[in-house]
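Descriptive analysis of the structure
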Amino acid sequence: FFFISDDELLYILGSSDPTKIQTHMPKLFANAKSLKFVRGNTAVGGMASTKQEVFDFKKVVKIEGKVEEWMNGVESEMKASLHQITKEAVFNYANEKRTEWIFENLQSIVLAGSQIWWTWEVEDAFNQVKKGHKHAMKALAKKLTSQLNDLVNAIRGNLAKMQRRKLNTLIIIDVHARDIIDSFVRDSILDATEFAWESQLRFYWERKVDDIRIRQCTGNFSFGYEYMGQDGRLVITPLTDRCYMTLTQALTFHLGGSPAGPAGTGKTETVKDLSKAMGLICIVTNCGEGLDFRAMGSIFSGLAQTGAWGCFDEFNRINIE
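Remember, predicted model here, so these are calculated numbers, not experimental data.

1. Notes on the overall build of the protein chain
- The number of helices and strands found in the protein chain is 11 helices and eight strands.
- The C-alpha radius of gyration of the protein chain comes to 21 Å, within 12% of the 20 Å expected for a compact globule of 321 residues.
- Seen through its principal axes, the protein chain has C-alpha atoms that stretch 70 × 50 × 40 Å.
- Here the protein chain holds 321 residues, and the buried ones make up 46% of them.
- A separation of at least 24 residues holds for 59% of the contacts in the protein chain among residues at least 6 apart in sequence.

Next comes the structure, spelled out in structure tokens:
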């Protein structure tokens, strides 16, 4: 509730009908359009995105007490359910045909799951090289290319809109993954401790903590499990990779980052894309003369309490008071 206007907040707090919150859902969550009410509007059983993707909670959330209390319950259950669904999907990946696995799962889970398995496959190839299989990395490059061709063939088929969108986004991620391995083969990178591999955004499922960990250089982050629906992703260029690396290193030292450059080059989108990759919500604020220290204070208070990222566009327009 920290990032909506006073009028909207009063409307939500002043209404006894829980379904009235539906109109404000896109502003409260990253990409959720509506909640799925069950048991005669006395509980919340799932969530739908702006692109009609739907998922059910593992446990229904009862609508009791103040609106902010049960909405906190909805947020917690969203993250807990997505954690459980992701765990199941990552476990099932190895036992199913990849295209079938993609169509069965939610887009955000498909992206996270395939990146976890890609990281494992690359590190497995490094281990094979150590054991004397010199062509393990070339074999992986071949495998990734054939996986990519499978997706390209699938997208040419007769698909529903949602499935096509999911494949489009996955192809963007997969092309980047394949390009990285091609560069490893070209530059003879054969050890997991080399900077070329350390500098990549790597996803691990850690059994000790039973959760996803994201690593890059010295950075080690947990996954946010914010529901992203079917949000598109950016094509990843070498510059995008360098921006990611700079921002993750800044976060490691509890600092912020400030991408600079000409208008329209994708500074804001790069920050938003990194937050999507980490499963976090990113609140974009357009700064101007109207933004005083009180408004900034309430935004920072909200960011600190929700664990969201804040992206301040045109930051230099703020008058220094």
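2. A few points about the sheet that holds strand S1 (residues 32-38)
- The strand order S1-S2-S3 describes an open sheet built from three strands, whose pairing is antiparallel. The open sheet is flanked by S1 and strand S3 (54-62), the only strands paired with a single partner. Direction aside, the axes of adjacent strands within the sheet are offset by 25 degrees on average.
- Where strand S2 (residues 43-49) and S3 come together, five bridges link them in antiparallel fashion. What sits directly across from Ala48, in S3, is Val54.

3. Side note on the packing of helix H5 (residues 107-130) against helix H7 (residues 161-187)
- Running from N to C, H5 and H7 cross one another at 15 degrees; their axes reach a closest spacing of 10 Å. For the element pair H5 / H7, the angle class is roughly parallel. Note on packing geometry: the crossing formed by H5 with H7 is right-handed. The segment H5 lies against H7, with Gln107, Val110, Leu111, Ser114, Gln115, Trp118, Val122 and Phe126 engaging Arg165, Lys166, Thr169, Leu170, Ile173, Ala177, Ile180, Ile181 and Phe184.
- Residues belonging to the contact of H5 with H7 are distributed by class as follows: 11 nonpolar, four polar and two charged.

4. Remarks on the nonpolar core
- Ranked by size, the top nonpolar core spans 63 residues in total, and within it Leu35, Met47, Met71 and Val74 carry the most contacts.
- Examining the composition of this core, we find that nine residues originate from one element, helix H3 (residues 67-92), more than from any other.
- What Leu35 contacts, discounting residues up to four positions off in sequence, is Ile21, Gln22, Met25, Val44, Gly46, Met47, Trp70, Met71 and Val74.
- Of all hydrophobic cores here, the second largest spans 17 residues; its members include Val122, Met137, Leu144 and Phe184.

5. Remarks on the packing of aromatic side chains
- Counted under the stated rule, the structure contains 12 aromatic pairs.
- Where Phe300 meets Phe312, the ring centres are 5.4 Å apart and the plane angle is 45 degrees; that geometry is what we call tilted. With Phe300 in helix H11 (residues 293-306) and Phe312 in strand S8 (residues 309-313), this pair connects stretches of sequence that are 12 residues apart.
- By way of ring pairs, the aromatic residues Tyr93, Trp101, Trp117 and Trp120 are connected into one cluster.
- Across the ring face of Tyr204, the terminal group of Arg215 is positioned such that the distance to the ring centre comes to 4.6 Å.

Cut-offs and rules
Residue positions are given per chain, counted from 1 along the sequence in the order it is written. Note on the predicted model: pLDDT of at least 70 is required for a residue's local features to be given, and 80 or more for side-chain atom pairs to be given and counted; whole-chain, interface and lining totals, by contrast, use all residues. With hydrogens and water excluded, all non-hydrogen atoms of the structure serve as input to the side-chain values. Strands here are runs of E lasting at least two residues and helices are runs of H or I lasting at least four, both read from the DSSP assignment and numbered beginning at the N terminus. Here the globule rule reads 2.2 Å times residues to the power 0.38, and the radius of gyration is calculated from C-alpha atoms. To sort residues, take the accessible area from a 1.4 Å probe on protein chains only and compare it with the maximum for the residue type: under 20% means buried, over 50% means exposed, and anything in between is partly exposed. Note on contacts: a residue pair qualifies if any of its non-hydrogen atoms lie within 4.5 Å across the two residues. Pairing between strands is defined by DSSP: at least two bridges between them are needed. Helix axes are fitted only over the stretch in contact, all axes being lines through C-alpha atoms; the angle between N-to-C directions runs from 0 to 180 degrees. Roughly parallel means an angle under 35 degrees; roughly antiparallel, over 145; roughly perpendicular, 65 to 115; everything else is oblique. Crossings are classed by handedness, with left-handed meaning an anticlockwise turn of the near helix from the far one by less than a right angle and right-handed meaning a clockwise turn. Residue polarity follows a fixed list, in which Ala, Val, Leu, Ile, Met, Phe, Trp, Tyr, Cys and Pro are nonpolar, Asp, Glu, Lys and Arg are charged, and the others, Gly among them, are polar. The term nonpolar core refers to a set of buried residues drawn from Ala, Val, Leu, Ile, Met, Phe, Trp, Tyr and Cys, joined through side-chain atoms within 4.5 Å. Here a pair means two rings of Phe, Tyr or Trp (six-membered ring of Trp) with centres within 6.5 Å. Their orientation is stacked below 30 degrees between planes, edge-to-face above 60, and tilted elsewhere. Both a distance and an angle decide whether a charge sits over a ring: NZ of Lys or CZ of Arg must be within 6 Å of the ring centre and within 35 degrees of the ring normal.

Everything listed here is a matter of coordinates, which is why it stays silent on function.
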